[in-house]
Amino acid sequence: MNALNSEAFTLLDQHILWSDMIGNILGLITLALGWRRSLWTWPVQFLSGLVLFGAFFGHLTGSAGKQVVVMVVALYGWWQWNRSKGRSEDGQITPRFATWIERAAMVGAAAVGTVAVALLFKAHPSLSWDPWPDAYIFVGTIVAMYAQARGMVEFWIAWLLVDLVGVPLNFANGYAFSGFVYVIYGALVLWGMRDWWLRSRKASQPALEGAPA
């Protein structure tokens, strides 16, 4: 796996690793497929986690462990979307807004999870290079993936909140390619959120009386 951690190229005096580049390109593809509500978003997400796990395993145990969690959630998303497939006219999952109870549960889980993970990272410094923002991004990513698996429009908002910290953090820590990718994430998130938002409103509109079901 040393090849994954070798330098691919230099961009603006920043050394871009193969693992950083491949993992984040797969992440972009994942988000684009999620926008299209394609079931393939989950296998690609799993592959992205697998690539990064291979890059981190053996020297960055915490980062490798986080990728295991990402892959498990990707498997859950695959299972959940397979169960839900066919609910909309185009055969894809139907986006919906979360209930207030679901929103409160996700916010609460994100807050408690961030504190718990950050304290774990602080207790074991080898697990993270910046405990609090790293925990925020990690837990926020898991919450976003869970909301996506449930077909909630709010998953895009969760990704935006992750981007707000992820962009400056990656640039500050020398992960320039990841920083640029997070900027592109932001644009995809805005477009994807608009598409899911409109589809959820269309799905919630009652059929006209006398119209075919």
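Everything discussed here concerns the structure shown above.
Note that this is a predicted model, so its numbers are computed, not measured.

**A word on the overall build of the protein chain**
Next, step 1: Scanning the protein chain from N- to C-terminus turns up seven helices and two strands.
Next, step 2: Taken from the N to the C terminus, the helices and strands of the protein chain come in the order β-β-α-α-α-α-α-α-α.
Next, step 3: Out of the 213 residues belonging to the protein chain, those deemed buried represent 44%.
Next, step 4: Restricting to contacts in the protein chain with at least 6 residues of sequence separation, those with at least 24 account for 65%.
Next, step 5: As displayed, the protein chain offers around 11,600 Å² of accessible surface, 69% of which is attributable to carbon and sulfur atoms.

**Remarks on helix H4 (residues 100–123)**
Next, step 1: Given a rise of 1.5 Å per residue, 24 residues ought to cover 34 Å, and the 34 Å separating the end C-alpha atoms of H4 matches this to within 8%.
Next, step 2: Of all the residues in H4, the buried ones are Met106, Gly113, Thr114, Val117, Ala118 and Phe121.

**Comments concerning the pattern of salt bridges**
Next, step 1: Applying the stated rule across the entire model yields three salt bridges.
Next, step 2: The closest approach of N and O atoms between Arg96 and Glu102, which form a salt bridge, is 2.9 Å.
Next, step 3: Taking the relative accessible area as the measure of exposure, Arg96 reaches 27% and is therefore partly exposed.
Next, step 4: Classification of Glu102 by relative accessible area gives partly exposed; the value is 21%.

**Overview of the packing of aromatic side chains**
The geometry of an aromatic ring pair is captured by the separation of the ring centres together with the interplanar angle, meaning the angle of the planes.
Next, step 1: Taken as a whole and assessed by the stated rule, the structure comprises nine aromatic pairs.
Next, step 2: It is Arg103 that lies over the ring of Trp100; its NZ or CZ is 4.5 Å from the centre.

**Things to note about the packing of helix H1 (residues 18–35) against helix H6 (residues 154–172)**
Next, step 1: Direction vectors running N to C along H1 and H6 enclose 155°, while the axes themselves pass 12 Å from each other. Our classification of the angle between H1 and H6 gives roughly antiparallel. H1 and H6 meet at a crossing whose hand is left-handed. In this structure, H1 contributes Leu31, Gly34 and Trp35 to the contact, and H6 contributes Phe155, Trp156 and Trp159.
Next, step 2: In terms of residue class, the contact of H1 with H6 is made up of five nonpolar, one polar and no charged.

**Some details on the environment of Asp163**
Next, step 1: If you trace the backbone, Asp163 turns up in helix H6.
Next, step 2: Linking Asp163 and Val189, residues 26 residues apart in sequence, is a C-alpha distance of 9.6 Å.

**A short note on the nonpolar core**
Next, step 1: The biggest cluster of nonpolar side chains holds 40 residues, and the ones touching the most others in it are Leu31, Trp42, Phe155, Trp156 and Trp159.
Next, step 2: Within the residue set of this core, elements represented by two or more residues are H1, helix H3 (61–84), H4, helix H5 (131–149), H6 and helix H7 (176–204).
Next, step 3: The biggest single contributor to this core is H5, with 10 residues.
Next, step 4: Excluding residues within four positions of it along the chain, Trp156 makes contact with Leu31, Gly34, Trp35, Leu188, Val189, Gly192, Met193 and Trp196.

**Topic: the environment of Ser19**
Next, step 1: Inspection of the secondary structure puts Ser19 in helix H1.
Next, step 2: Accessibility expressed as a relative area gives 4% for Ser19, which makes it buried.
Next, step 3: Separated by 13 residues in sequence, Ser19 and Ser6 place their C-alpha atoms 8.0 Å apart.

**Here's the deal with unusual backbone geometry**
Next, step 1: Of note, Arg37 is a non-glycine position whose phi angle comes to about 60°, a positive value.
Next, step 2: Structurally, Arg37 can be placed in the loop between H1 and helix H2 (41–56).

**Digging into a nonpolar patch on the surface**
Next, step 1: A grouping of Val115, Leu119 and Trp132 is seen on the molecular surface, where their side chains present a nonpolar patch of about 280 Å² in accessible area.
Next, step 2: Examined against the element boundaries, Leu119 turns out to sit in helix H4.

Calculation rules
Residues numbered from 1 in each chain as written. Predicted model: local features only at pLDDT ≥ 70, side-chain atom pairs only at ≥ 80, totals over all residues. Heavy atoms only, no water. Helix = DSSP H or I, 4+ residues; strand = E, 2+ residues; numbered from the N terminus. Buried < 20%, exposed > 50% of the residue type's maximum accessible area, 1.4 Å probe, protein only. Contact = heavy atoms within 4.5 Å. Areas by Shrake-Rupley, 256 points an atom, 1.4 Å probe, with all protein chains shown as cover. Expected span 1.5 Å × (residues − 1). Salt bridge = Lys/Arg side-chain N within 4 Å of Asp/Glu carboxyl O. Phe/Tyr/Trp six-rings, centres within 6.5 Å; stacked < 30°, edge-to-face > 60°. Lys NZ or Arg CZ within 6 Å of the ring centre and 35° of its normal. Axes fitted to C-alpha atoms, helices over the stretch in contact; angles between N-to-C directions. Parallel < 35°, antiparallel > 145°, perpendicular 65-115°, else oblique. Left-handed = near helix turned anticlockwise from the far one by under 90°. Nonpolar A, V, L, I, M, F, W, Y, C, P; charged D, E, K, R; others polar. Core = buried A, V, L, I, M, F, W, Y, C linked by side-chain atoms within 4.5 Å. Patch = residues over 30% accessible without salt bridge, like charges linked within 9 Å, V, L, I, M, F, W, Y side chains within 5 Å.

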